[in-house]
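Here is what each chain is made of, one letter per residue.
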Amino acid sequence: MTRIKRGYIARRRRTKIRLFASSFRGAHSRLTRTITQQKIRALFSADRDRDKQKRNFRRLWITRINGVIRERGVSYSYSKLIHHLYKKQLLLNRKILAQIAISNRNCLYMISNEIKKEVDLKEYTAII
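This is a predicted model, so every value here is computed, not measured.

Caption draft 1: Quick peek at the confidence of the model for the chain. On average, the chain scores 88 in pLDDT, and the residues at 70 or more come to 90%. Of all helices and strands in the chain, the one with the weakest mean pLDDT is helix 5 (residues 105-127) (77), whereas helix 2 (residues 32-72) scores best (94).

Next comes the structure, spelled out in structure tokens:
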């Protein structure tokens, strides 16, 4: 019987996997089985940590806004500010508010004071 030479498809698949794992250390970049396991693990971790990153940034923005708001007045908090923003239908998300809080605190104070005045005035007139 004549010798049958294998095709290139399996080799091409393995080289593609090796290119993905070329930056890994040790056997994780050399052995095919280990490379496939590490690739699955890396992709799973990347997917999980993308969601975690979104959560962490949201927590960071909330902390920054709350810190700046509470500096000026103890009675006024982050939750009240966000509640009043929604009542006024102002389209400022947490990321923008956090950037304003860091770069220009007086601007955030002005926003919160204006909202607080208008909301207090509406509540006062509703009571009367």
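Moving on from the model shown.
Caption draft 2: Quick peek at unusual backbone geometry. Positioned with a positive phi, Gln-89 is a non-glycine residue whose angle comes to about 60°. Here Gln-89 falls in the exposed class, since its relative accessible area comes to 68%.

Caption draft 3: Inspection of a positive patch on the surface at higher detail. On the surface, Arg-6, Arg-13, Arg-14 and Arg-18 cluster together into a patch of positive charge. As for its placement among the helices and strands, Arg-18 is situated in helix 1 (residues 9-20). With a relative accessible area of 33%, Arg-18 lands in the partly exposed category.

Caption draft 4: The nonpolar core, seen in detail. Among the nonpolar cores identified, the biggest contains 16 residues, and Ile-65, Ile-69, Leu-81, Leu-85, Leu-97 and Leu-108 are the most heavily contacted of them. Listing elements by their share of this core, those giving two or more residues are helix 2, helix 3 (78-88), helix 4 (94-103) and helix 5. Those residues in contact with Leu-85 that sit more than four places away from it in its chain are Leu-90, Leu-97 and Ile-115.

Rules of the game
Residues numbered from 1 in each chain as written. Predicted model: local features only at pLDDT ≥ 70, side-chain atom pairs only at ≥ 80, totals over all residues. Heavy atoms only, no water. pLDDT = per-residue confidence, 0-100. Helix = DSSP H or I, 4+ residues; strand = E, 2+ residues; numbered from the N terminus. Buried < 20%, exposed > 50% of the residue type's maximum accessible area, 1.4 Å probe, protein only. Patch = residues over 30% accessible without salt bridge, like charges linked within 9 Å, V, L, I, M, F, W, Y side chains within 5 Å. Areas by Shrake-Rupley, 256 points an atom, 1.4 Å probe, with all protein chains shown as cover. Salt bridge = Lys/Arg side-chain N within 4 Å of Asp/Glu carboxyl O. Lys, Arg positive; Asp, Glu negative; His and termini not counted. Charge placed at Lys NZ, Arg CZ, Asp CG, Glu CD. Core = buried A, V, L, I, M, F, W, Y, C linked by side-chain atoms within 4.5 Å. Contact = heavy atoms within 4.5 Å.

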